[in-house]
Amino acid sequence: MRTAVHCNAHRPGRRLRLASIGLAMLMPGGAFAGGPGSAPVAAAAADAPATRAAAPTPATANDSAPHFQTCRLELANRLAAYPAECTTLRVPEDPAHPDGRSIELSIARVAAISRRKAADPLFLIAGGPGGGTQAMYPMVAGAFARIGRDRDLVLVDQRGTGRSAPLDCELDEEDLTSGDPTLVPALARRCLESLQGAGRDVRPYTTSVAVQDLERVRAALGYERINLYGVSYGTRVAQHYLRRFPQRVRSVILDGVVPPGLALGPAMALDAEAALARILARCAADAACHAAYGDPVALYRSLRARLATAPVELRVADPATGTPRELRFGAQHLGAVLRLASYADAQASLLPMALHEAQVNANFTPLAGLFLMSSAGLEGQVAFGMHNTVICSEDIPFIDARDVDRARLASTYLGTEMLDGLRAICGVWPRGPMDADFRQPLASDVPVLLLSGADDPVTPPAGAETAMRGLTRSRHLVVPGEGHSQLGVTCMDRVMADFVRDADPKALDTSCLARSKPAPFFTSPAGPPP
């Protein structure tokens, strides 16, 4: 997912990308450490009660219909653009004070090709938390082309993200690549102060408020019922919208599932380590990969131990610009590469080669290149302020330190630093409103298709299994060798289109997925074997 632009809106400046310092919960991100200790979780509650229902903001037929204008959704490099129509909808920033400050929600609609289109569109919901849906769409448009033949695609940037009053902060280039774990609380405080100095209230940017926004948009656009696609954190939003407005939902696709009630944080380091182990095991079981690199697990462990005590000073060319860059590559940078590469099979296919080059040939260029390329790809991807509001309201307060096995976390390449960093951030960040039933299991008879990658480092298949317990008309597809999000999997576009067309998960033909195979491993810097 990368930055997209539409209409004539300005390009955002450099954002304080939580992913770049390793604390982004679900979107691809680095593994830079958080704070050295953990601030008391209770401190996060200074500005809001632990749990309170968001004030309802029901949309009605009296909401004026937005006026659309022609626009384009573009890749950041502008190599591809998609025609759309764009508009905005003004809503209260704090629904509890409807006469107070208001914000504009940015809405893009990709109209269906058919003149006899279905009445129910597909609403897309991006991950993060903190990602914008309109920025995501140009990267994944092909996966929704079949659905878009017969249905409108509606892209609402969730409040606080993209072009919907984004809670953005700026960060110096040095902060993005330093890997200094002590920076995290100070950067969060700086971000909060800059937003508050601009008159922003960061609290009403939670999931509970966001689903009320979606309902306003649905009503304003005149759709009686809608279909939902949510990816990663977006699955949390989709499930809560289904909980609040079940009569408005025709079908749901959940891709990389976060089940209700799961407090993200403690298990993420363990899940990431387990996914890496599965990727390296695939290499060991592959004849060509094993012949080239021997035991990839031994390479990983040796290199990780080496960098923990002796970071390497590098001068490498920036893969995006060719500009020489100086980098002190240490264990935290290695962790960033490992986590990012685990998200997709194409990047995972590079890992054994990059580990071997560094450990055996002392050539850190492949690893450093992956790190810099990933950091550049994350530019503008996460709205740091919105991300903090969500995790500090919906996740961190529900983690009991007594239930955290810190010794197990310390044995992983992410260690305890991610959890500690998130706790430190939430020690200074205000909490926002959360519906009283937000963490309760979801029960629904609406048709739901759940998608998981067997090697997903952040939302493993077990999460989908938990979520579907109360979904009486659901089906869970697990794709071998794949990571986070299944949109790029062979024929998944057809599977999703058939599901949205028929809304019958049990009758869905998924036989084409048997042809899907993860990308072959590179056995040299030149690529996979012929």
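Going by the structure above, here's the rest.
In what follows, the accompanying structure is described. This one's a predicted model, so the numbers in the text were calculated from it and none came from an experiment.

## So, the pattern of salt bridges
Taken as a whole and assessed by the stated rule, the structure comprises 28 salt bridges. Residue Arg-325 is joined to Asp-318 by a salt bridge in which the shortest nitrogen-to-oxygen separation is 2.9 Å. Owing to a relative accessible area of 19%, Arg-325 belongs among the buried residues under this scheme. By relative accessible area, which is 11% here, Asp-318 ends up buried. Between Asp-502 and Arg-501 there is a salt bridge, with its nearest N and O atoms 2.8 Å apart. Residue Asp-502 is classed as partly exposed on the basis of its relative accessible area of 44%. The exposure class assigned to Arg-501 is partly exposed, which follows from its relative accessible area of 49%. One network of salt bridges, with partners in common, ties together Arg-72, Glu-74 and Arg-78.

## Let's talk about the packing of helix H9 (residues 296-309) against helix H10 (residues 331-342)
Two elements in contact, H9 and H10, have axes whose closest approach is 8 Å; the angle formed by their N-to-C orientations is 145°. Contacts between H9 and H10 pair Tyr-300, Leu-303, Arg-304, Leu-307 and Ala-308 from the former with Ala-331, Leu-334 and Leu-338 from the latter. Residue composition of the contact of H9 with H10, by class: seven nonpolar, no polar and one charged.

## Topic: the nonpolar core
Considering soluble globular proteins, one finds that nonpolar side chains tend to be buried as a cluster. Residues Phe-123, Leu-228, Val-252, Phe-329, Phe-364 and Leu-367 are the most contacted members of the largest nonpolar core, which totals 107 residues. Of the residues forming this core, the biggest block, seven residues, is contributed by helix H7 (residues 268-285). In contact with Leu-228, not counting residues within four places along its chain, are Leu-122, Phe-123, Ile-125, Ala-238, Tyr-241, Val-249, Ser-251, Val-252 and Ile-253. The next biggest cluster of nonpolar side chains, apart from the first, holds 37 residues, and it includes Leu-73, Tyr-137, Ala-141 and Val-479.

## Observations concerning the packing of helix H4 (residues 183-197) against helix H14 (residues 384-394)
Where H4 contacts H14, the two axes come as close as 10 Å, and the packing angle between them is 105°. What the angle tells us is that H4 and H14 run roughly perpendicular. Contact with H4, carried on its side by Leu-187, Ala-188, Cys-191 and Leu-195, involves Phe-384, Gly-385 and Asn-388 of H14 and no other residues of that element. Residue composition of the contact of H4 with H14, by class: five nonpolar, two polar and no charged.

## Describing the state of the cysteines
Going through the model one piece at a time under the given rule, you end up with five disulfides. Each sulfur of the disulfide joining Cys-283 and Cys-289 lies 1.9 Å from the other. Measuring handedness by torsion sign, the sulfur bridge of Cys-283 and Cys-289 sits at about -85° and is left-handed. In this structure, Cys-283 and Cys-289 share a single accessibility class: buried. A sulfur-sulfur distance of 2.0 Å marks the disulfide that ties Cys-491 to Cys-512. The chirality of the disulfide connecting Cys-491 with Cys-512 is right-handed, given an S-S dihedral of about 85°. Placement of the pair is Cys-491 in the loop between strand E11 (474-479) and helix H18 (492-502) and Cys-512 in the segment after H18, with a sequence separation of 21 residues. For the residue pair Cys-491 and Cys-512, the accessibility class agrees, reading buried in each case.

## Some points on the sheet that holds strand E5 (residues 153-156)
Across the sheet, which stays open at both edges, the nine strands sit in the order E1-E2-E3-E5-E4-E6-E7-E10-E11 with mixed pairing between neighbours. On the outer flanks of this sheet lie strand E1 (69-74) and E11, each paired with one strand and no other. When the angles between neighbouring strand axes are averaged without regard to direction, this sheet yields 25°. Strand contacts of H18: strand E6 (226-231), strand E7 (249-255), strand E10 (448-453) and E11, with the helix running at about 160° to E7, the strand carrying the most contacts.

Conventions and cut-offs
- Starting afresh in each chain, residues are numbered from 1 along the sequence in its written order.
- The predicted origin of the model limits local features to residues at a pLDDT of at least 70 and limits the giving and counting of side-chain atom pairs to 80 or more, whereas totals for whole chains, interfaces and linings rest on all residues.
- Side-chain metrics in this entry use all non-hydrogen atoms of the structure; hydrogen atoms and water are not considered.
- The term salt bridge refers to a pairing of a side-chain nitrogen on Lys or Arg with a carboxyl oxygen on Asp or Glu at a separation within 4 Å.
- Note on classification: 1.4 Å probe, protein chains only; a residue is buried when its accessible area is under 20% of the maximum for its type, exposed when over 50%, partly exposed between these limits.
- Axis lines are fitted through C-alpha atoms, for helices just across the contact stretch, and the angle between N-to-C directions can take any value from 0 to 180 degrees.
- In this text, helices come from DSSP runs of H or I with a minimum length of four residues, and strands from runs of E with a minimum of two, each type numbered from the N-terminal end.
- The criterion used for residue contact is that any of the two residues' heavy atoms lie within 4.5 Å.
- Gly is put with the polar residues, along with every residue not named as nonpolar or charged; the nonpolar set is Ala, Val, Leu, Ile, Met, Phe, Trp, Tyr, Cys and Pro, and the charged set is Asp, Glu, Lys and Arg.
- To qualify as a nonpolar core, a set must consist of buried Ala, Val, Leu, Ile, Met, Phe, Trp, Tyr and Cys residues joined through side-chain atoms within 4.5 Å.
- In this scheme, roughly parallel covers angles under 35 degrees and roughly antiparallel covers those over 145, while 65 to 115 is roughly perpendicular and the rest are oblique.
- Disulfide: a pair of cysteine sulfur atoms within 2.5 Å of each other.
- Strands were regarded as paired on the criterion that DSSP finds at least two bridges between them.

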